[in-house]
Amino acid sequence: MRIAVFRGDGIGAEVVDACIAVLEALQRRVGGFRLSFDHLDAGARYYRETGTDIADETVAEAGRAEAILLGAMGDPEIRHADGTEIMPHLMFREVFGLYAGVRPVTAYPNTPRRLRDERAGEIDMVILRESTEGLFHTQGRGQVIDDREARETLLITRETSEKLFDFAFRLAERRKTRGGKALVTCVDKANVFRAFAFFRKIFDERAARFPEIATGYSYVDAQALDFIRRPWDFDVLVTENMFGDILSDLAGGLVGGMGMAACAEIGDRHALFQPAHGSAPDIAGQGTANPMAAILSGGLMLDHLGDRHGIENLSDAARLLDEAVQSGFANGRFLPVEFGGPDGTVAVTRALIEIVTEGIAAPTTVAADG
Ligand code: ATP
């Protein structure tokens, strides 16, 4: 399977290298699949060297790959003439129709917790953020009229909402097989806006097709409160673009730092995997970046490819990676600099590869030479 790789800028390049090293170790250990990494160039450094942020042919090339793996793009020192940063990857959502933004929020052992309650160690949920419409619909096209008033428009379509909810319920089904709570919560503001009442109506229609999965409802303001009061009770949460943007940062803050925040952006024909953090120029080149968000995003990629193509070994590799990360933190095999530990990017990556290679729990389908 051909994976288009954008290392990008700053720590993006460092964490992508770590991710690829771990993916290759998983491939050796589990076997039965072969990923080939095709490096493409774009971003701020590329812009400084060439005067273009991304070439059209590069976008087309990325579109032909099985998946896109991306580090981070942007550098505050390098900007377009209008002052904006060089972040060509932001157009991928629109160009590739990546409507499902997947943001897992998991508490790993021995990582910083913001909540004192013991149950904070059980936080394990996924926020599914619609990423192509909602309150971002008129992004860049909003109107400011005569310096008197400003307008932006919210868009909710049946077509995208149906696909989004089906994705949410299927995700809950898959999580159920691994001990998930089999619950999808619809987060909206259906008590105030017709558009969100419509969103919720479609949620109910699609829920009827998944009788094994329970449904929950929450207004976005109450959800913010519940993320502080009882985040351990949630499983999959599905919501509109802006609400998802805000809630995923809030939820991410409950379980460690930016260096743990993995992300997948998935459409019908394309999928992009990247850490949720940026290029972090303040720590770039020091070797201290936490590679875990990128590595966990690589795990989301394995899981997605396994599911899409029905290849068990890829799903096994994703599960093995999850277990390795859990066990690495639990047994003190690494503690990233980001959390006050001694381990830089390379040390965390090496330790994780060791655990994968030793094998914590034998995967169900190990290659003969594995
Ligand atoms: P962007 O706008 O591109 O998302 P940003 O300026 O909002 O970027 P990030 O680059 O995500 O922010 O990072 C904010 C800060 O968090 C960084 O300056 C860095 O100190 C810290 N940080 C981000 N990612 C990591 C990481 N993987 N490991 C350690 N620290 C990180």
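Since the model is a prediction, treat every value here as computed from it, not as a measurement.

Each value, and the rule that gives it
Residues numbered from 1 in each chain as written. Predicted model: local features only at pLDDT ≥ 70, side-chain atom pairs only at ≥ 80, totals over all residues. Heavy atoms only, no water. Buried < 20%, exposed > 50% of the residue type's maximum accessible area, 1.4 Å probe, protein only. Helix = DSSP H or I, 4+ residues; strand = E, 2+ residues; numbered from the N terminus. Arc of directions from axis to C-beta. Contact = heavy atoms within 4.5 Å. Salt bridge = Lys/Arg side-chain N within 4 Å of Asp/Glu carboxyl O. Near = heavy atom within 4 Å. Polar contact = N/O pair within 3.5 Å; in protein donor to acceptor, adjacent residues only side chain to side chain. Areas by Shrake-Rupley, 256 points an atom, 1.4 Å probe, with all protein chains shown as cover. 1 Å grid on protein atoms, 1.4 Å probe; cavity = no way out; pocket = protein on both sides within 12 Å on 5 of 7 lines; lining within 4 Å. Sits in = over half its atoms within 2 Å of the grid points. Pairing = 2+ DSSP bridges. Right-handed = clockwise from strand over helix to strand, strands pointing away. pLDDT = per-residue confidence, 0-100. Points joined across faces, edges and corners; volume = space filled by probe spheres on them. Nonpolar A, V, L, I, M, F, W, Y, C, P; charged D, E, K, R; others polar. Phe/Tyr/Trp six-rings, centres within 6.5 Å; stacked < 30°, edge-to-face > 60°. Lys NZ or Arg CZ within 6 Å of the ring centre and 35° of its normal. Axes fitted to C-alpha atoms, helices over the stretch in contact; angles between N-to-C directions.

(A) Just helix α3 (residues 56-64), in detail. Those residues of α3 that sit buried are T58, V59 and A62. Buried residues along α3 cover an arc of 100 degrees about the axis, so they all sit on one side. In α3, the exposed positions angled more than 90 degrees off the buried face are occupied by D56 and R64. The inward-facing, buried residues of α3 abut β1 (2-8), β2 (36-40), β3 (67-72) and α4 (92-95).

(B) Main features of the pattern of salt bridges. Following the criterion strictly, the structure yields 33 salt bridges and no others. In this structure, D303 engages R174 in a salt bridge whose closest nitrogen and oxygen atoms are separated by 2.5 Å. Taken as a pair, D303 in helix α9 (residues 292-309) and R174 in helix α5 (residues 158-176) lie far apart in primary sequence, 129 residues in all. Accessibility expressed as a relative area gives 15% for D303, which makes it buried.

(C) Expanded view of the site of the ligand. The local shell around the ligand holds 13 residues, among which H277, G278, A280, D282 and N290 are the closest. A distance of 2.7 Å separates an oxygen atom of the ligand from a polar atom in the side chain of D282. Here the ligand, which alone exposes 620 Å², has 60% of that area covered by the protein. Cavity membership is defined here by more than half of the atoms lying within 2 Å of grid points; on that basis the ligand lies in the second largest pocket.

(D) Spatial organisation of the pairing of β2. The sheet contact formed by β1 and β2 spans five bridges and is parallel. Its bridge partner lying in β2, I3 is registered against F37. What joins β1 to β2 is helix α1 (residues 11-30), and the crossover it makes is right-handed.

(E) The arrangement of the confidence of the model for the chain in detail. Of the residues in the chain, 97% reach a pLDDT of 70 or more, and the chain-wide mean stands at 95. Here residues 362-370 is modelled with pLDDT under 50, and outside its nearest four sequence neighbours on either side it reaches 16 contacts, counting other chains as well.

(F) Here's a closer look at the layout of surface pockets. For the second largest pocket, the calculated volume is near 160 Å³. Looking at the second largest pocket, it is lined by 13 residues, and the ones nearest its centre are I11, I283, A289, N290 and E338. When the residues that make up the lining of the second largest pocket are grouped by side-chain class, the tally is six nonpolar, five polar and two charged.

(G) Representation of the packing of aromatic side chains. Evaluated as defined, the whole model comprises 13 aromatic pairs. A ring pair is formed by F165 and F203, whose centres lie 5.3 Å apart and whose planes are at 80 degrees; its orientation type is edge-to-face. Here F165 is found in helix α5, whereas its partner F203 is found in helix α6 (residues 194-207), with 38 residues between them in sequence. With a relative accessible area of 0%, F165 lands in the buried category. A relative accessible area of 0% means that F203 is categorised as buried. One Lys or Arg, R129, reaches over the ring of F136 and ends 5.2 Å from the middle of that ring.

(H) Broad picture of the sheet that holds β1. A sheet is described by the order of its strands in space; here ten strands give the open sequence β2-β1-β3-β12-β11-β4-β5-β10-β8-β9, paired in mixed fashion. Two strands bound the open sheet, and with one partner strand each, they are β2 and β9 (214-219). Neighbour-to-neighbour, the strand axes of the sheet open up by a mean angle of 25 degrees, direction not taken into account. The strands that α1 touches are β1, β2 and β3; relative to β1, the one it contacts most, it runs at about 150 degrees. In this fold α5 packs onto β4 (100-106), β5 (124-130), β8 (183-188), β9, β10 (236-239) and β11 (264-266), with an angle of close to 165 degrees to the strand it touches most, β5.

(I) Structural view of the pairing of β8. When you tally the buried positions in β8, you get six out of six residues, the bulk of the element. Alternating positions in β8 separate into two faces, L183, T185 and V187 on one and V184, C186 and D188 on the other, with burial throughout. As judged from the six bridges shared by β8 and β9, these two strands associate in the parallel manner. Considered in β9, the bridge of V184 is made with T215. Bridging between β8 and β10 involves four bridges; their strand directions are parallel. Bridge assignment links T185 to a residue of β10, and that residue is L237.

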